Each structure stands twice: as C-alpha cells, then as structure tokens.
Amino acid sequence: MFGLVTTDGGLSSVFYIGGLICGLTGVGAWVYFVSAYTGRSYHRDRRYRALAVSIYVGLIGVKLTNPLYGLYVSTELQQSPYPHLVVEPQLFYWVSFSLTYTLVAISFYWLIQTFRKSSSPTVGLGALAVLSLSPVVPRAAIQALPNEILPPLILGLSFEPVGVTAFLLGVLVTVEEPFRQVEQSARSKFFEEADDATFVYDTGGKLVEMNNQAQKLQSEIGVECPTVETFEQAFRPVGDGFDSEDTFTVDIDGSTRYFEVIANRMTAGAETVGLVASVRDVTERQSRKRELELKERAMDEASVGITISDPTQEDNPLIYVNDGFVDQTGYNRAEVLGRNCRFLQGDDRDQPALDDLREAITSNEPITVELRNYRKDGEQFWNRLSVAPIYDEAGELVNHVGIQQDVTAVRESQRELQAERERFELLIESTDEYAFLVVDEDGAISTWNDGAANLFGYDDETAVGMPMGELHPAPDREAGLPDRLLQQARYAGEASDEGWRVRADGSEFYADVRYAALEGDDGDSKGYAQIVRDMTDERQQRRRTERFVEESEDVVTIVDPDGTITYASRSSDRVLGYEHEALTKKNLFDQLHPDDRTQAMEAFFNGTEDPEATFQIDCRFQSNDGAWREMELRCRNMLDDDAIDGMLLYLRDVTATKARTRRLEALFNGTFSFAGLLEPDGTVLNANDAALEFGGFDRKEIIGEPFDEASWWTHSTAVQERLRDALDTAATGEFVRYETDVRGVSGLATIDFSAKPVTNDAGEVTLLVVEGREITDQRRQRQQMAMVQRVMRHNMRNDLNKVRGWTQVLAEEVDADARAAHLDRIETILDGWEAMTEGMRQIRQLTNSSEDQWPAIDVRSVTEYLTAWNQETEFTLDVDSTVSDDQTVWIPGAVKEALEKLITIAVRRATDSDTGVTVSLSDTTDRWVEVEIFITGSGLAETDTEVLATGEETALTHAQGLDIWVVRTMIKTVGGEITAQATGTKTRVKFRVPVQQPPDADEK
C-alpha cells in the first residue's frame, strides 16, 4: 500500500512503522475509555498504568530501532506486480499483534457485559467487535497460505488500518446512540439507588423528580417538599453562601437524627436549568465525631502531660501535646509541635537516665525514667517520663506516646508566681480562644485586642469607647448585670459570670467571663480587666455529658460522707426500679444486704478520708421490688471537686454475670480431671480445685505465674522441656496430647495430658485449655500385664522344656542315685514356678493397692531398723542419715520394705563373699526424702537396674527378677521415683519419695 505513495523503500518502512505506532496508541486510548465507561478501576490503578506505559515505550523502542536490528519486521520494496512493501513479521511483531488484539477483545467483552445489564441491544456492538478484529483473518491467511494462490493486491496491504477505519465508522454510525442510552440508564439507576435523599427542582423552584430515599424521608418527617421554599422550610436554605458542612437535626420517631444538605445548580452551558438538593443522614458520623471529641477532651483534661511523637519523621518530632503538657511546661502548642521533646532538657544533657531513654527509644522498648527538665520560664522540675512505642495493624512503628508527671516535692513560690504571670500573658495573646479587654471606671472599653475583635466582630475603632454593657443581651442590661459585675470586681477584687454575650451582627454566644480590678502602684483604681472565653462548644459538650450520664447502663449517684444519696441518674428506674427522685435522700447502707454492709462501710468511710481514693465493692443491693441484685459499686472521692462535692458512686448490675460465672466455676471445678486456663504464652489464668488439691497449693500461688514453673513439673527437666514444647505447639493452633509424670503432695502420678487452643473469629489463639486425667493405675497395670506375658512366654516355656527333658531322662535312668538327682532338678524348677507365682501375686496386689496400704513411718525408725539388722547380718551394712533430728520426718512405710527386699536380693544373689551395702538418707527443701543404696559385689546385674529404673526388661530369667519388679512397684505405688545404675560390680540405686502427713493415733 505504501508503495503506491512512494517508491522509496526506506520511506515506505517509515510510513509503515509510523502507522503501527499510531494504531498501538489508539488501542491504549480505547482500552482506557472502556475501563472508565464500564465502571472498572484499571485505568486509575497506578500499577496497571505503569505497566501499560512500560510496555508501550518498550514496543515503540523496538519499532523505532527496527531499521537497525530488525527485531519487529523485515521489509522489502518490490515492484511486481505493482510497487508494494513486502513485510515479514518478526518476533516482536507477533508480540505486539497478539497483545493489541487481545486487549481489543477484552475491551469488547467488558462492553458487552455492560450492555447486557441494560435494556440496550448488543447486536450492533457485536458487529463492531467483528469489524475491529477482522484484520486477524487476512493476516493469518497471508502467513498460512502460499503467496501464489493469494490475490497480488492484498500482499502489500496493511490490514490493521482497515480494521481501525471500520471500527470508527461503526462507532459513529451504529453504536454511538446505544452508548449514550446505556450511560443514561446507569445514571438513572444510580439516581434511584443513591443512599442520599435527592430532590430535583426546575428554575421555577418546582419539584421535577425525587428518588425513593427522598420519598421515604418525606414520609418519616411528615413534610412534603413540592417547591424549593418548602424544602428550605423543612431542612435549610440552599441559596448562595450556604455551607454544606453545617448539620441540622430532625426528631424522627422520638430520636434525634443529624442531616446535611448538598445543593448544586444544574447548568447547560452558561444557562441554569434547575437545582439538585441532596439530604444526607450523618447521624453515625456525628456520633463518631462526639466520641472522638470525648476522647480528645479526656486526653486534654488529663492531669498529666501527654505527648505523641512521629518516629517516621526526621528527629522524631512532637505531633500532639495535651493541655496537661501545656500547663506543666508553659509552652503552647505552636511552640512545641514539630520539635523533638529534648528541648525540655535545656543545656542539662549530662544525665545518666538520658542514655537509658535513648537506648529504649532506639530499640523500641517501653521505659520510665526521671529527668531534670525545665519549663519555658527556665524553672527546673523533676519529670517522671514514661515512653512507649505504638504499632499499627501491620506491626510497623508509627508513634511514641509519652506520659510525664511533675514529681517535684516543693516549688519555690517565686517561680510559681512567674509561671502564673507567663500563663496569663499567653492567655492574653491567644486570639483563638480568648478575648482580652480593659474597661475604665465608667464601664467604657479602653483596650480591645485581636482576640476580642475576632470573637465579638467589632474592630478597634468601633469598640474603643463603646459601653461594655453593649456586649450583654438587652435583658441583662435592663437587669443591671453589667454594672453589678463591675461593682463586685471593685470591692471583691474579682468577679465572674457565665452567660450569653452579643456579637456585632446580633448573634449570641455562651461565654465564661472573668473580671479583675486593676490598681496602680499607688492603689488607685485603673479600671477592670476582662477575659472572655467562648463556651459554646463546652456548653454543648456539657449537655452531651449529662445526656451520657442519664442514658448510661450504670446508675450514677453522688453520696454524702454520711452515706446519704444526694443524686441518682435516671437509669436507676431501668436498673433498680426506682424513680431517680425516690432514690435520693435514702441512705446507701440501708439499701445494702446486712451481710455486705460491714465491708461496704469500712471501704466507704476509709475512702472519705483519702482525697485520692478510688475503690470497688461487690455487694447486694435491694431493688424497688424487694429483690436483692448483685451489684458492682465503683467509688471515687470527689469531695474536693466543687461540681460534685461528694463521693461519686457507679452502681452496675452484675446479677446475670455473677450467675453465669458461678455456673461456669461449678462446671470447671466439678470435674475430677485436672484442668486449667492459660494465656497463649503459658501464664496461668485459672486452675480447677482438683488440680490445686493434687498440687497442694492455693489458687493465688499459681495465678499469674508460668504454668511450666509450677511444682507439678519441676521434678524433672525433661518433663518441663516436653511441657514447654507442647504449650508452644498449642499456641500455634495445634491440639497436643501425651502421657507424662507430674508431682503432687502424694508423690508422682502419671496423667494423660492435653493442651487445646481456643481461637477468636480472626483465627488468633487467645486461650489455652489444659487438662490432665490421672492414669497411674492403668499405666501400672499395663506394665504388669507386659511383664506377666514375658514371664509366661519366656521363663515358663524354657522351664517346661527342661521338665520334659529331665522327665524323659528320668524314665530311662535305671540308677537310683541318678534318678534321685534328676528328680531334684525337676523339683527345683517347680519351686521356681512357685516363687514366680508368689511374685506375680505380690505384684498384682501392689498394682491394685494405693499408697494408703503403708502407713507413714518416721525416717529415724528406718535408720534404727537398718542399724539393728546390721548386727545380725554376715555382710557389711553401713547406714548414714543427714535428716534433721529437730523434727520428725514421715515417709511411706513401703520404703522400709523395699530397702529390705532390695538388700536381701543383692546379698542372696552375690557369688563372692565381700558384698557390702551403704544406705544414705537425706531430706530436700521441696519436702522429699532421698534414699541412696550403694552395693558392692555381684548381687545385682545390669538387667536388674534396668527393671528398677524403667520398669522394662528384655527377659526375666529367674524368679528373683520378679522380686526386683516388686521393689519398683512398691516405690512407684507411693508416688516415688527410682534411678539405678550398674557399673561392673558396683550398683547405685536411689529412691525418692514424698514426705507424708503424720499418721493418726490408730495408725501409729
């Protein structure tokens, strides 16, 4: 095609590449338009826009550099059959081609979706899509078919411009009107579904149209708005100069709703064709605003200084200080915001606490330090500063909050006076909140500062010389209030008034006005100073506070020091059934249950003596119907507060809460299993009675402490580590269960332990529920069964084989002496069976018994018994005890029997004559007794110590092996533990048993 215009090959390539660039640009503009038209946000998303620009610039670069590198197409100008440019697509051509037509197809898909949601047909749009994508067909044919069978005319054509031309014609001819219809339909739908009540008026002020929300609003307020005038009467003026941010209130169904009006004139060119007025319900927004104002007021009125800094800015500057900070330091907000708080240190930087403060701030750790700081006037004071980091939801540090308290014991009177003077000067200079003026003896204004001009609206020229009474409403002037206030200031030195004042435009505002008489050095009167503060917002806030008190779920009362109720909020009717007037004049203690009266009186009257007292009492309060309600009484001493002048008492009904708590506690403590509630970090929140009784301690000893450090677990480092791992796993959201040993007042026990995580709606673990079911007996029985099975499987099978063999020999033997010897062997085997049977009987009896089978014995009786036994034995038996003789230490009687049996086994089985036994007894600080047995000689083998220590063995090869098992069972039955180790001919065994309670007289 370009060959028809020029015969120059380079110029044809330039035309071709230029056309492709224009086409790519048009596709981008089209997709941008479709995204916006169909209501999608891709065209506004910075990421998509950056990606689109990057791809566009990259493809443009490839196209422009094509003559150098040939990465896009290779071109050749041919003269036959007519001059035309032969184009051979390369890699980036197909990338651009595929991307372009993919985007075009996606854009038509978006349009078709949008059209299908409206009443407009999609046939024209579908035809337009086919025309736009039609160049794909001939381009594919040229690539797939031989050039010889194709018409020569199409070889030189660029089909993309043909598609663009068809697309533009289709938009102008067939699709433009549906586009407009769909847009109008969407606008109409938006109008009807809008959240705001919308009224449309023509230029004559008559109602043309309104949406469903407007009809609903008219019905709720009972007012029709057929004209602009009726609209303004119902809501507010909408003429020139109105402020859409101002709100107004409407009472609907007994509740106050807040609304704002947004009015816009409709124009067609320069001509006004109507007015659109929208009424928006902003009640929730106003509620949030009031809540924020209350919180801000709470911070501003705090007695301590509060600062917030921004560590994301250079030098961590202050971005907020409260009134307490301003009062404490003497700096106003304008002087401190944007600065680092270190300026309070002045030049006094050599303070060790500053290093700690800097280190904590650098490491984002909370800290409290005391620093020498200096007020604006240079006065030194000791500042107890607490700084804590604040993080956002993503865990990023966003602020530092500082709380500072003046802890100086004594302030010099001269510095306090200077601070008062400077604060007064700051008050005078404040033009935003205060007006300062001076009037002469006759009441004429002589001084008028900028704050007064801003507040009252009079300039200096008008105000100076004007009677001060003109600032009062007419009724006050007629009543002589201005003269009386000046007269009072003249004789008393000061006066104050809280009431209405009048601006220059006639509007009134509520103000707090303070008067002070001015005197010269000679004592002559120089007039009067007035400080005026606009209290409109404060008065409104006060009314809100009063409303909050009345609507509170708590009953708010004020009680005299003798207990007489002087004020009760209206919520007393809802909570207690008393009209608030009926509850006043009653004595608080007459309403309390007699059983709760003593503790309530003690706390209350102690609180009246402490000006800083704040305390809580849980008691029963009699309601108007005679029922006793469980109440939580929170009291604060406000006797020194002129506005309260009494004990401020909040009564909260917790009857239902207490009932639920008691039911849960009964369920929690009613189980025989050990149960507890933990923080995710393992801190104990509560434990049931069964767990506390087992451990032998009170609930207060464990609440708030780490669970793994309770005495249940401290007997073994391995047990503690296993528990910590289990709690860490449960804190991640997994259920954990395993068997473990725990220590109680009666010794060791085996429990089936589990830790179950409890999560909130966000999937975060907020609580761990731990439970332990004692399975000591079951575990002991399992070990017994395993032992019996091994005996039956190994020893009896071997002995039966021996009996069978010796019986056969006996039958064939003819010699009488030999037959007698064989018979002795058989009898020995049978005697072993009898011994094993007796051993298993003892083990079964021990397994089914408890520690109560052995009454407690004195440790000294064990020592005396072993010493006496030593006199009768042929082996060496040494006894050593470090148990204190000052008091009697009681241990389970099983220790004595186990010692005797273990020593007997070792001596009986010894093959040498130099067997020796040493027994050492000692007590520990955690009320356990340790018995250590050191045996020399060949009496015990390594398999025996394995049975003693673990209760497991590979085989019991002789009857004495059951005796070893009996020794272990005795110690474990009384809650003890055993360790054993054999090295050559030396064996060391240690019993560890809990100290017992003294036995009663019968047991002794």
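Quick caveat: nothing in here was measured; it's all calculated off a predicted structure.

Within the chain, the regular secondary structure consists of 32 helices and 34 strands. Considering only contacts within the chain whose residues lie at least 6 apart along the sequence, 50% involve residues at least 24 apart. Here the chain has roughly 56000 Å² of accessible surface; of this, 50% comes from carbon and sulfur atoms.

Next up on the list: the environment of P482. Summarising the element assignment, P482 is placed in helix α19 (residues 481–492). Taking relative accessible area as the criterion, P482 reaches 7% and is therefore assigned buried. Considered as a pair, P482 and E470 are 12 residues apart in the sequence and their alpha carbons are 9.2 Å apart.

Another point: helix α9 (residues 212–221). Inspection of α9 places A214, L217, Q218 and I221 among the buried residues, and these make up the whole buried set. Projection of α9 onto a plane perpendicular to its axis shows the buried side chains occupying an angular sector of 100°, all on one side. Of the residues trailing α9, G222 is marked for its positive phi of about 70°.

Let us now look at helix α14 (residues 352–362). An α-helix turns once per 3.6 residues; consequently, residues spaced three or four apart project the same way. Among all positions of α14, only A353, L354, L357 and A360 are buried. Along the axis of α14, the buried positions cluster into a sector of 125°, meaning they face one direction only. Residues P352, E359 and T362 are exposed on α14 and point more than 90 degrees away from its buried face. Where the residues of α14 are buried, they touch β10 (367–374) and β11 (380–391). Just beyond α14, the residue with positive phi is N364, at close to 55°.

The next point concerns the sheet that holds strand β31 (residues 916–923). If you trace the 5 strands from one edge of the open sheet to the other, you get β29-β31-β32-β34-β33, paired in mixed fashion. Of all strands in the sheet, those with a lone pairing partner are β29 (876–881) and β33 (977–983), marking the two edges. Taking the axes of each pair of neighbouring strands and ignoring which way they run, one obtains an average angle of 10° across the sheet. With respect to the sheet, helix α29 (residues 859–872) is in contact with β29, β31 and β32 (928–936), its orientation differing from that of β29 by roughly 160°.

Before going further, it helps to examine the pairing of strand β27 (residues 765–774). One ladder, built from 5 bridges, connects strand β23 (residues 674–678) with β27; its direction is antiparallel. When the sheet's bridge partners are listed, G676 is paired in β27 with V770. Looking at chain direction, strand β26 (residues 747–759) and β27 are connected through 9 bridges and run antiparallel. Paired with S754 across the strands is E771, a residue of β27.

Our focus in this paragraph is the side chain of N383. One can find N383 in strand β11. A polar contact is formed between the side chain of N383 and the side chain of N373, at a distance of 2.9 Å. Filtering out sequence-adjacent residues up to four positions away, N383 remains in contact with Q328, V369, E370, L371, N373, Q404, Q405 and V407.

Let us now look at the nonpolar core. Counting residues in each nonpolar core, the largest one holds 40 residues, and the members touching the most others are L899, L902, V919, V931, I933 and F991. Those elements that provide at least two residues to this core are α29, α30 (894–908), β31, β32, α31 (942–950), α32 (960–973) and β34 (986–994). Sort the elements by how many residues they give to this core and α30 lands first, with 8 residues. The next biggest cluster of nonpolar side chains, apart from the first, holds 29 residues, and it includes L678, V684, L692 and I751.

Following the criterion strictly, the structure yields 3 cavities of 30 Å³ or more and no others. As a volume, the largest cavity reaches approximately 130 Å³. If you trace the largest cavity, you find 15 residues lining it, with F674, A691, F707, W712 and W713 closest to the centre. Elements represented by at least two residues in the lining of the largest cavity include exactly β23, α25 (689–695), β26 and β27.

Taking strand neighbours across the sheet as the criterion, the 5 strands line up as β24-β23-β27-β26-β25 in an open arrangement whose pairing is antiparallel. Looking at the sheet topology across the chains shown, the edges are occupied by β24 (684–687) and β25 (736–744). Along the sheet, successive strands turn relative to each other by an average axial angle of 25°, direction set aside. Relative to the sheet, helix α26 (residues 717–731) contacts β23, β25, β26 and β27, its axis offset from that of β25 by approximately 140°.

Turning to the confidence of the model for the chain, a few remarks are in order. Here the chain averages 78 in pLDDT, and 75% of its residues register 70 or above. Low pLDDT, under 50, characterises residues 1–6; the predicted model gives this stretch 16 contacts beyond four residues in sequence or across chains.

The subject of this paragraph is the pattern of salt bridges. According to the stated counting rule, one finds 32 salt bridges in the structure shown. The partner of R358 in a salt bridge is D355, with the nearest N and O atoms 3.0 Å apart. On the criterion of helical spacing, the pair formed by R358 and D355 is a turn pair, its members being 3 residues apart in helix α14. Exposure remark for D355: the relative accessible area of 48% places this residue in the partly exposed category. The shortest N-O distance in the salt bridge between D554 and R652 comes to 2.8 Å. Highlighted residues: D554 in the loop between α20 (536–551) and β18 (555–559) and R652 in strand β22 (residues 646–653), separated in sequence by 98 residues.

Next up on the list: the packing of aromatic side chains. Scanning the entire structure with this criterion turns up 17 aromatic pairs. Considering the side-chain rings of F604 and F605, the 5.4 Å spacing of their centres and the 85° angle between planes classify their relative orientation as edge-to-face. Through a chain of ring-to-ring contacts, three or more aromatic side chains come together here, namely F697, F707, W712, W713, Y738 and F753. We note R375 situated over the ring of F381; from NZ or CZ to the ring centre the distance is 4.3 Å. Taking NZ or CZ as reference, K896 lies 4.5 Å from the ring centre of Y865, over its face.

A cluster of nonpolar side chains, contributed by V53, Y56 and V57, occupies part of the molecular surface with about 260 Å² of accessible area. Along the chain, V53 falls in helix α2 (residues 46–64).

Turning our attention to unusual backbone geometry. Phi is positive for K585, which is not a glycine, with a value near 75°. Tracing the backbone through its elements, the reader meets K585 in the loop between α22 (580–583) and α23 (594–609). The backbone phi angle of D645 is positive, close to 50°, even though this residue is not glycine. Relative to the helices and strands, D645 is located in the loop between β21 (628–638) and β22.

Let us now look at the pairing of strand β3 (residues 197–201). Counting buried positions along β3 yields 5 of 5 residues, so the element is predominantly enclosed. Neither face of β3 is left uncovered, since the one carrying A197, F199 and Y201 and the one carrying T198 and V200 both have all their residues buried. The pairing of β3 with strand β4 (residues 207–210) spans 3 bridges and is classified as antiparallel. Bridging across to β4, F199 finds its partner in M210. In this structure, the hairpin formed by β3 and β4 is closed by a connection of 5 residues, where G205 is found at a positive phi of approximately 85°.

Okay, the environment of G70 next. Locating G70 in the fold gives a position in the loop between α3 (66–69) and β1 (73–78). The spatial distance from the C-alpha of G70 to the C-alpha of L91 is 9.6 Å, given a sequence separation of 21 residues. Once you skip the residues sitting within four places of it in the chain, G70 turns out to touch T65 and Q90.

For the rest of this paragraph, the subject is the side chain of R375. Along the chain, R375 turns up in the loop between β10 and β11. One polar contact links R375 to D406, side chain to side chain, over a distance of 2.5 Å.

Relative to each other, α29 and α30 sit at 30°, their axes nearing to 11 Å. On the basis of their axis angle, the class for α29 and α30 is roughly parallel. As for the relative orientation of α29 and α30, their crossing is right-handed in sense. Contacts from V862, Y865, L866 and W869 of α29 reach α30 at K896, L899, E900, I903 and T904.

As a further point, take a negative patch on the surface. Residues D610, E612, D640, D641, D642 and D645 make up a contiguous surface patch of negative charge. Mapped onto the elements of the fold, E612 is located in the loop between α23 and β20 (614–622).

What counts, and where the lines are drawn
- Residues numbered from 1 in each chain as written.
- Predicted model: local features only at pLDDT ≥ 70, side-chain atom pairs only at ≥ 80, totals over all residues.
- Heavy atoms only, no water.
- Helix = DSSP H or I, 4+ residues; strand = E, 2+ residues; numbered from the N terminus.
- Contact = heavy atoms within 4.5 Å.
- Areas by Shrake-Rupley, 256 points an atom, 1.4 Å probe, with all protein chains shown as cover.
- Buried < 20%, exposed > 50% of the residue type's maximum accessible area, 1.4 Å probe, protein only.
- Arc of directions from axis to C-beta.
- Pairing = 2+ DSSP bridges.
- Axes fitted to C-alpha atoms, helices over the stretch in contact; angles between N-to-C directions.
- Polar contact = N/O pair within 3.5 Å; in protein donor to acceptor, adjacent residues only side chain to side chain.
- Core = buried A, V, L, I, M, F, W, Y, C linked by side-chain atoms within 4.5 Å.
- 1 Å grid on protein atoms, 1.4 Å probe; cavity = no way out; pocket = protein on both sides within 12 Å on 5 of 7 lines; lining within 4 Å.
- Points joined across faces, edges and corners; volume = space filled by probe spheres on them.
- pLDDT = per-residue confidence, 0-100.
- Salt bridge = Lys/Arg side-chain N within 4 Å of Asp/Glu carboxyl O.
- Phe/Tyr/Trp six-rings, centres within 6.5 Å; stacked < 30°, edge-to-face > 60°.
- Lys NZ or Arg CZ within 6 Å of the ring centre and 35° of its normal.
- Patch = residues over 30% accessible without salt bridge, like charges linked within 9 Å, V, L, I, M, F, W, Y side chains within 5 Å.
- Parallel < 35°, antiparallel > 145°, perpendicular 65-115°, else oblique.
- Left-handed = near helix turned anticlockwise from the far one by under 90°.
- Lys, Arg positive; Asp, Glu negative; His and termini not counted.
- Charge placed at Lys NZ, Arg CZ, Asp CG, Glu CD.

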